[in-house]
Amino acid sequence: MKDLETVREEALSEIRRTKDLQELQSVKAKYLGKRGVVTEALKRIREIPPEDRKEYGRKVNQVKEAIEEAVRKREEELKREEVEREILSEWADLTVPLQNTAGSLHPITVTLRRIVDIFRGMGFTVEEGPEVELERYNFDMLNIPEDHPARDMQDTFYINREGYLLRTHTSPVQIRTMLRRKPPIQMVAPGKVYRRDDDPTHSPMFHQVEGLVVNEEANFRHMKYVIESFLREFFQTDLPVRFRASYFPFTEPSAEVDIGCVICGMEGCRVCKGTGWLEVMGCGMVHPDVLEVCGVDTDIFQGFAFGMGVERLAMLLFGIDNIKLFFENDIRFIRQFS
Ligand code: DAH
């Protein structure tokens, strides 16, 4: 009995003196393990005279429980100390004033502002629409039929609410603007758009700027003039621009706009795939059906529209070859555009 009391006291003091969890584990094993002091004491119960066994067993179990309890407590303490040590080692005084920490604008912000400012200078207003958009505005009212591949789950992020999605382009802002205001309209709409696309030239979230002009004499020549003027202002050179016949459900006729490759000066390179031309936007005369569903009288009004990808223009303007760089938030990258 006296022996057990000593075991208990020695165990508790060894436990108290442990400095880390590993040490605690070995002390625990020394007393409670398979060959541990307490375990061996329990085995010896057979050597005890029968009349004393009950008392002996009770005593050993008390000692065992006391040691277990002490191990648990010490384990908690050691864990807490470890966390505190970690916090202290990572501590930084966030209130210390630093030098040279003025922020700089993200290259996409720089590009968006550059685009929007040019159109403001030409008398366009700036409109905005929601990123969670009605399927009706994103597709139906833009004359995009039910079975169009763009509507596929493969291409579009649908959300958990019938009739809503993450807008796949900024074109629904055309619809919103025409529903809200009477012509003449002359607006641009910058913003984020979402598509299920992910590779070195495509990101699932990217930016577009939409343009819409509706008035009594809008025509294809006006559109060409506006777009050419914009591109020359944006790139600050008198670059070649060509309009290539194309198809969009919401415009008729439709065109895609190419510029002479700004990377190779039209010699032919990897970026322009050897053609000397780069596609930078889509455009066209607004389809009469689109005007009609928005309540615009097509006997009086016509319109043209265009839409461009901001990342692509930024990559060309700054000579960046991977779209992912825009979204990694590497401060060394972003700093270069201040
Ligand atoms: N919404 C088209 C897209 O995301 C771009 C576009 C093309 C917009 C022609 C227009 C347009 O307004 O007239 O690919």
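Owing to the predicted nature of the structure, the values given are computational and were not obtained by experimental measurement.

Q: How would you sum up the pattern of salt bridges? Please name residues and give values.
A: Pairing of side chains with opposite charge becomes possible as their charged atoms draw close. Taken as a whole and judged by the stated rule, the model has 24 salt bridges. Of the charged contacts in the structure, one is a salt bridge between R244 and E256, with a shortest N-O distance of 3.5 Å. Taken together, the residues span a long stretch of sequence, with R244 in strand β6 (residues 241-248) and E256 in strand β7 (residues 251-260) at a distance of 12 residues. Between D258 and R244 there is a salt bridge; the shortest N-O distance is 2.8 Å. Note that D258 is positioned in strand β7 and R244 in strand β6, a separation of 14 residues in sequence. D258 sits in the buried class, given a relative accessible area of 2%. With relative accessibility at 29%, the residue R244 sits in the partly exposed group. Several salt bridges share partner residues, and in doing so they unite R242, R244, E256, D258 and E279 into one network.

Q: With reference to specific residues and values, describe a negative patch on the surface.
A: Residues D20, E23, E82, E86 and E90 make up a contiguous surface patch of negative charge. E82 sits in the partly exposed class, given a relative accessible area of 39%.

Q: Quick one: what's the story with the layout of surface pockets, residue by residue and with numbers?
A: One number sums up the size of the second largest pocket: a volume of about 230 Å³. Lining the second largest pocket are 14 residues, and of these L112, V126, E128, P190 and G191 sit closest to its centre. Of all the secondary structure elements, the ones that give two or more residues to the lining of the second largest pocket are α5 (107-121) and β4 (185-194). Per-element accounting of the lining of the second largest pocket gives the leading share, five residues, to α5. Of the residues contributing to the lining of the second largest pocket, the split by class is four nonpolar, three polar and seven charged.

Q: Any details on the nonpolar core? Residues and values, ideally.
A: Judged by nonpolar contacts, the single largest core of 45 residues is most densely connected at I115, F119, F230, L231, I259, F306 and M308. Elements that contribute at least two residues to this core include exactly α5, β5 (205-215), α8 (220-235), β7, β8 (277-286), β9 (302-309), α10 (310-318) and α11 (331-334). Excluding residues that lie within four positions of it along the chain, M308 makes contacts with I115, F119, H207, Q208, V209, F230, V280, M281 and L313. Grouped together as the second largest cluster of nonpolar side chains are 22 residues, I144, V214, L291 and F301 included.

Q: Just give me the short version of the domain arrangement of the chain, but keep the residues and values in it.
A: Each assigned domain of the chain is listed here: domain 1 (2-90) and domain 2 (107-337). Between the C-alpha centres of domain 1 and domain 2 there is a distance of 72 Å.

Q: Outline unusual backbone geometry, supporting the account with residue identities and numerical values.
A: Put simply, P183 and P184 share a cis peptide bond, and its omega is 5°. Positionally, P184 belongs in the loop between α7 (172-180) and β4. For the bond running from E252 to P253, omega is -5°, close enough to zero to count as cis. Looking at the secondary structure, you find P253 in strand β7. Of note, the phi angle at N143 is positive, near 70°, even though the residue is not glycine.

Scoring rules and cut-offs
- Residues numbered from 1 in each chain as written.
- Predicted model: local features only at pLDDT ≥ 70, side-chain atom pairs only at ≥ 80, totals over all residues.
- Heavy atoms only, no water.
- Salt bridge = Lys/Arg side-chain N within 4 Å of Asp/Glu carboxyl O.
- Helix = DSSP H or I, 4+ residues; strand = E, 2+ residues; numbered from the N terminus.
- Buried < 20%, exposed > 50% of the residue type's maximum accessible area, 1.4 Å probe, protein only.
- Patch = residues over 30% accessible without salt bridge, like charges linked within 9 Å, V, L, I, M, F, W, Y side chains within 5 Å.
- Areas by Shrake-Rupley, 256 points an atom, 1.4 Å probe, with all protein chains shown as cover.
- Lys, Arg positive; Asp, Glu negative; His and termini not counted.
- Charge placed at Lys NZ, Arg CZ, Asp CG, Glu CD.
- 1 Å grid on protein atoms, 1.4 Å probe; cavity = no way out; pocket = protein on both sides within 12 Å on 5 of 7 lines; lining within 4 Å.
- Points joined across faces, edges and corners; volume = space filled by probe spheres on them.
- Nonpolar A, V, L, I, M, F, W, Y, C, P; charged D, E, K, R; others polar.
- Core = buried A, V, L, I, M, F, W, Y, C linked by side-chain atoms within 4.5 Å.
- Contact = heavy atoms within 4.5 Å.
- Domains from an automatic or database assignment.

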